[in-house]
Amino acid sequence: MMRRARGLPLCCGALALLLAAGCSKHPRGVQTEPSALPPSGTTLAHTVGPGDTWQSIAETYLGTPEPAARLARDNGRAIDSAPAPGDTVRVRILAAEMPRVRQLAEAREPYNTGFQHLNAGRYKEAAASFQEALHRAPGFVDAQYNLGLALLRLQKAGDAVAPLREVVAVRPADKDARYALASAYFHLGRYADSLPELEAALGLDAAFLRARFTHGMVLEKLGESERARLAWQKYLELDGTSAWAQEARSHLRALP
């Protein structure tokens, strides 16, 4: 059960904010049928999408960001020089990497089906699809993240913690994963565990409004009135007009 905020009921809007714990990750995975993959190493062409980095491209095809520097070098680029959207880059896959590439290709269909279910609000079906994707490709990070979101929206926060913790371990700079994990802890009443995840998310994006709002709520629940006051004031510096701002002001007025 969701606990009430100290001195102020948790309204339906705040509950919705926490249930909408993050944005789902887009359909990903090697866009090649498993039967079309050659038995040994090969080079594939990838069209760069918005937000793509060498790390995300490596993760898409190889399941890990570790080969990112190699992909950048193969394309005559430095690791800190992101490819431009619309560019076509070469993804060289070593023979030893082919088993993982095949796993990810096998997981593509249930993963993308899960993404469709998740966006349509069919959370039970989404969770089942992401679990199937993970059965085919264990450690598929985007599937773990989206499984965590589906479980949160099914109000199964306890089940969501494990996959979300694994995502954060692999992607410590993913603010959405940090926020989703913080939301899972919040639902479980584990406010002291939620707090560092929220602060990590805010360290990555100081204007992350959902994290700012939840940060204030968590500090209230921990009895940190002065820190909560500062948190609500910081929220209102970023958002002074929305319904969330009105609620933030209510929380601020209710503080001792």
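Note that the coordinates shown come from a computational prediction; the quantities given were computed from them, not determined experimentally.

## Some remarks on the confidence of the model for the chain
Interpreting fine coordinate detail is not advised for predicted regions of low pLDDT.
Line of reasoning, step 1. Summarising the model, the chain shows a mean pLDDT of 85, and 84% of its residues fall at 70 or more.
Line of reasoning, step 2. Taking the mean pLDDT of every element in the chain, the minimum, 44, falls on helix H1 (residues 12–19) and the maximum, 98, on helix H9 (residues 191–204).
Line of reasoning, step 3. Predicted confidence for residues 1–20 stays below pLDDT 50, and this span has 51 contacts to residues more than four positions away or in other chains.
Line of reasoning, step 4. Residue range residues 27–32 is modelled with pLDDT below 50. Its contacts to residues more than four positions away, or to other chains, number 25 contacts.

## Looking at unusual backbone geometry
Line of reasoning, step 1. A positive phi angle, near 60°, is found at Gln155, a position not held by glycine.
Line of reasoning, step 2. Tracing the sequence through the fold places Gln155 in the loop between helix H6 (141–153) and helix H7 (157–170).
Line of reasoning, step 3. Classification of Gln155 as exposed rests on a relative accessible area of 66%.

## Details of the pairing of strand S2 (residues 88–93)
Line of reasoning, step 1. Of the two faces of S2, the one lined by Val89, Val91 and Ile93 is fully buried and the one lined by Thr88, Arg90 and Arg92 carries no buried residue.
Line of reasoning, step 2. As judged from the 6 bridges shared by strand S1 (residues 42–47) and S2, these two strands associate in the antiparallel manner. For Leu44, the partnering residue across the bridge sits in S2 and is Val91.

Thresholds, definitions, all that
- Residues numbered from 1 in each chain as written.
- Predicted model: local features only at pLDDT ≥ 70, side-chain atom pairs only at ≥ 80, totals over all residues.
- Heavy atoms only, no water.
- pLDDT = per-residue confidence, 0-100.
- Helix = DSSP H or I, 4+ residues; strand = E, 2+ residues; numbered from the N terminus.
- Contact = heavy atoms within 4.5 Å.
- Buried < 20%, exposed > 50% of the residue type's maximum accessible area, 1.4 Å probe, protein only.
- Pairing = 2+ DSSP bridges.

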